[in-house]
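Close look at the chain arrangement
Here is how the chains run, residue by residue.
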2 protein chains.
Amino acid sequence: MSTHPFDTALALQHQGGHDFTGHTSPAYWNMIGPFGGITAAVTLNAVLQHPQLLGEPISLTVNFAGPVAEGPVTARARPARTNRSTQHWWVELVQTGADGTEQVSTTATVVTAARRPTWSASDAPMPAVPAPGGLPRSARPDNLVAWLARYEVRAIEGDIPQRWEGQAAADSLSRWWLRDDPPRPLDFASLTAMADVFFPRVWLKRATRVPVGTVSMTVYFHADSAQLAGCGSGHLLAEARAQTFRNGFFDQTGLLWNAQGHLLCSTHQIVYYKE
Amino acid sequence: MSTHPFDTALALQHQGGHDFTGHTSPAYWNMIGPFGGITAAVTLNAVLQHPQLLGEPISLTVNFAGPVAEGPVTARARPARTNRSTQHWWVELVQTGADGTEQVSTTATVVTAARRPTWSASDAPMPAVPAPGGLPRSARPDNLVAWLARYEVRAIEGDIPQRWEGQAAADSLSRWWLRDDPPRPLDFASLTAMADVFFPRVWLKRATRVPVGTVSMTVYFHADSAQLAGCGSGHLLAEARAQTFRNGFFDQTGLLWNAQGHLLCSTHQIVYYKE
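Quick look at the structure, then. None of these values were measured; they are calculated from a predicted model.

Another point: helix H2 (residues 36–49) of chain B. Residues and elements named next belong to chain B. In this model H2 runs 20 Å from its N-terminal to its C-terminal C-alpha over 14 residues, within 8% of the 20 Å that 1.5 Å per residue would give. Of all 14 residues in H2, 12 are buried; the element is thus mostly enclosed. Gly36, Gly37, Ile38, Thr39, Ala40, Ala41, Val42, Thr43, Leu44, Asn45, Ala46 and Val47 are the residues of H2 that are buried.

With that out of the way, let us pick up the packing of aromatic side chains. This model, assessed by the stated rule, comprises 29 aromatic pairs over all chains. Across from the ring centre of Phe199 of chain A, 4.8 Å away, lies the NZ or CZ of Arg201 of chain A, which sits over that ring.

Residues and elements named next belong to chain A. Judged by how many residues are buried, strand S13 (residues 263–273) sits mostly within the fold: 10 of 11 residues are covered. Here strand S10 (residues 212–221) pairs with S13 via 9 bridges, running antiparallel. Counterpart to Thr214 in the pairing with S13 is Val271.

Time to look at the interface of chain A and chain B. Taken together, the contact between chain A and chain B spans 66 residues of the former and 66 residues of the latter. Buried surface at the junction of chain A and chain B, summed over both partners, amounts to about 5,600 Å²; 55% is from carbon and sulfur atoms. On the surface where chain A and chain B come into contact, there are 2 salt bridges. Between Lys205 of chain B and Asp123 of chain A there is a salt bridge; the shortest N-O distance is 2.5 Å. The interface formed by chain A and chain B holds 47 residue pairs in polar contact (both at pLDDT 80 or more) in total. For the side of chain A that touches chain B, the element with the most residues is strand S6 (residues 102–113) of chain A, which contributes 8 residues. When grouped by side-chain class, the residues that make up the side of chain A that touches chain B number 29 nonpolar, 26 polar and 11 charged. Note: strand S7 (residues 121–122) of chain A against strand S11 (residues 236–246) of chain B, 2 bridges, orientation antiparallel. Bridged to Ala121 of chain A within S11 of chain B is Phe245 of chain B.

What follows concerns the relation of the copies chain A and chain B. Of the two same-sequence chains, chain A is brought onto chain B (RMSD 0.0 Å, axial shift 0.0 Å) by a rotation of 180°. The superposition of one copy onto the other is thereby described by a two-fold rotation axis. Both copies contact each other with a shared surface, as 100% of the interface residues of chain A are interface residues in chain B too.

Quick notes on the rules
Residues numbered from 1 in each chain as written. Chains lettered and ligands numbered in written order. Predicted model: local features only at pLDDT ≥ 70, side-chain atom pairs only at ≥ 80, totals over all residues. Heavy atoms only, no water. Helix = DSSP H or I, 4+ residues; strand = E, 2+ residues; numbered from the N terminus. Expected span 1.5 Å × (residues − 1). Buried < 20%, exposed > 50% of the residue type's maximum accessible area, 1.4 Å probe, protein only. Phe/Tyr/Trp six-rings, centres within 6.5 Å; stacked < 30°, edge-to-face > 60°. Lys NZ or Arg CZ within 6 Å of the ring centre and 35° of its normal. Pairing = 2+ DSSP bridges. Contact = heavy atoms within 4.5 Å. Buried area = accessible area lost by both parts, 1.4 Å probe. Salt bridge = Lys/Arg side-chain N within 4 Å of Asp/Glu carboxyl O. Polar contact = N/O pair within 3.5 Å; in protein donor to acceptor, adjacent residues only side chain to side chain. Nonpolar A, V, L, I, M, F, W, Y, C, P; charged D, E, K, R; others polar. Least-squares fit on C-alpha atoms with pLDDT ≥ 70 in both.

What follows is the structure, encoded as structure tokens:
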């Protein structure tokens, strides 16, 4: 059985202490560096692999400080504070430049905790949408960037514009079914990557492909590892919309449910755009 | 003219290098430590005061790792990476314990940038609501915790329950007009604090005061300092709602507009709750 490309991209070797080494993956390459979702997943994975880990992920914020170059990457995950049932982490991705100096490409904070059963409820029910089986797979120009071929998208609304006419859309809402391609059982790392699969809302809103780059991304986890494992490799319903575009930055808010309608995570990001 | 209590609470002395010292403020005291919004504002202020600062705040994530004790606080703000027009910051708040060791109470990341005028639009228009002048000031038990008296709230909907009957509400939406008391001209620090003024959504949803604590909070800024200054000390419309409550943690998403309907920031947090 061959290794899934996501697991290859995610792989980290513990170097002792707080350092883990991995390597960028051509299968998840974006235009000038790795797909941001895979960078976020690697960042989280350093915490998940750390021998001092307490509990499971509650919250992750990843800041894309600079480009990740093709090659080896060190993920450095340090516990900033460990309480009885929660733990706060600093994480950074560093690479060594040609001059031998370390350069930080990515900074992150992660909160993990031991969850206990409590009263639970949701104010974000899954919208009524057609099942994935009845929807065509959305066309993605997979010769453009490699990572697009790593996800199966079946759009319900707000698919990537087929014509770039430069006209403002009424809104920036996308709803689609989503899973790994090839299918892979869901876990915290793959859910994190899926939270970044939405194409930039400014492209939908303007139908113009201006240069963009995510600056900071947050994921709040509403499921534990057992619930994620229970999702198997089924489709998730993923929804995203922008809130405001202003002078070079827009924010986006998203939700991902499993097919049974359980909200698995909420996610937010702020994105740079040009022009 | 006396100093506004917010400015007293915010005050930091640069110690050289990356360290700034301040002191907790009784005027913004919560139950067992400072109001989280003032801690977030102090964290941001260390970046704003830093001599190496590039640009203005775009994004802030603050993690409340442990309680802040009454007394002196050191805010340590270090640039992790400085690009041509964006800058990524690590910030931590530390206090020295009785045994002389440093303890981290708060971790944060901040992104600042030089903004340039671009195409702009909003997908989050301000809802149609009555003007603040026609609404009564919401009662807050200001003998309970000091910081509640530092904000003037005029609730439109979703005010704090007047009866704690333990019944689940249909939703967790609050909308209210908000400003500092006494009034104070708006800036990045005060907007950050106001993004944390919402009482816990789980109290609204359940009408039960279970123990709670914000774990991580993010603010995305959609205004520059000139636009904030232009708001003067006018009321802001603040809206928040929870998305999901599950096994000890719920998330909350919020928006703050000025009275002219411009979205000044979006804000998100994940909150621990017991039972």
